[in-house]
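If you want the building blocks of each chain, they are given just below.
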Amino acid sequence: MNIKFDRTDLLLEAGQVIRIHDAVGTRVRCLHGALWITQHRDLEDHFIRAGGTLTLDHPGLVLIHAIEPTELALSEAAPGPSVAGRIARTSMAMLRAIGRWIALRFGPQAITARRLRGWYGAL
């Protein structure tokens, strides 16, 4: 069964283990106590005390082991920008760049710069 969540708070007894599958991007925050976290194909084990956080970054099985009575919060990563959102941001950045180029070439500052260089002669 897959359960979707934004944030889940859990209380674990000492020695209790949670198994999570494919939780890349999930943030584990230790509120009270201490945790030992190991991820599939991660060469490092992570020990987190109260106030510490870890963002899971390996696909596969994750084991979260309570070293002592522990309260923890699991929260999903915020969804990344959609393709349409990225295209819109890129388009807006391009339009701003074009607007700045036009302003520099044909705006009031360009006219003043040309006068100082003598392009308009007697004007």
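See the structure shown above.
First, a word on scope: everything that follows refers to the structure included in this document. (Residues numbered from 1 in each chain as written. Predicted model: local features only at pLDDT ≥ 70, side-chain atom pairs only at ≥ 80, totals over all residues. Heavy atoms only, no water.)

## Some words on the overall build of the protein chain
Test applied: The way it works is that DSSP assigns letters per residue, a run of H or I at least four long becomes a helix, a run of E at least two long becomes a strand, and they are numbered from the N terminus. The classification of residues rests on relative accessible area computed with a 1.4 Å probe and restricted to protein chains. Under 20% of the type maximum is buried, over 50% is exposed, and intermediate values are partly exposed. The criterion used for residue contact is that any of the two residues' heavy atoms lie within 4.5 Å. Surface accessibility follows the Shrake-Rupley procedure with a 1.4 Å probe radius. Residue values consider only the protein chains on display as shielding.
Broken down by element type, the protein chain carries two helices and eight strands. Counting every position in the protein chain, which comprises 123 residues, the buried fraction comes to 25%. Taking the intrachain contacts of the protein chain between residues at least 6 apart in sequence as the baseline, contacts between residues at least 24 apart amount to 68%. Accessible surface for the protein chain amounts to roughly 9100 Å². Of this, 59% is attributable to carbon and sulfur atoms.

## Structural notes on the nonpolar core
What counts here: For our purposes a nonpolar core is just a set of buried Ala, Val, Leu, Ile, Met, Phe, Trp, Tyr and Cys residues, chained together by side-chain atoms within 4.5 Å.
Core analysis: the biggest nonpolar cluster contains 16 residues, and Ile20, Val28, Leu35, Ile37, Leu56, Ile64 and Leu72 have the highest contact counts within it. Looking at this core, the element that brings in the most residues is strand 7 (residues 61-66), giving three residues. When near neighbours in sequence (up to four residues on either side) are disregarded, Val28 contacts Leu35, Ile37, Gly52, Thr53, Leu54, Leu56, Ile64, Leu72, Ala73 and Leu74.

## As for the sheet that holds strand 7
Heads up, the condition is: For two strands to be treated as a pair, DSSP must find at least two bridges joining them. Angles shown run from 0 to 180 degrees and are taken between the N-to-C directions of axes, each axis being a line fitted to C-alpha atoms and, for helices, limited to the stretch in contact.
Strand order in this open sheet of four strands is 2-7-4-5, and the pairing throughout is antiparallel. With partners counted over all chains shown, the strands left at the sheet margins are strand 2 (17-21) and strand 5 (45-49), one partner each. Strand-to-strand, the axes of this sheet are offset by a mean angle of 20°, without reference to chain direction. Direction of pairing for strand 2 relative to strand 7: antiparallel, over a ladder of five bridges. When the sheet's bridge partners are listed, Ile18 is paired in strand 7 with Ile64.

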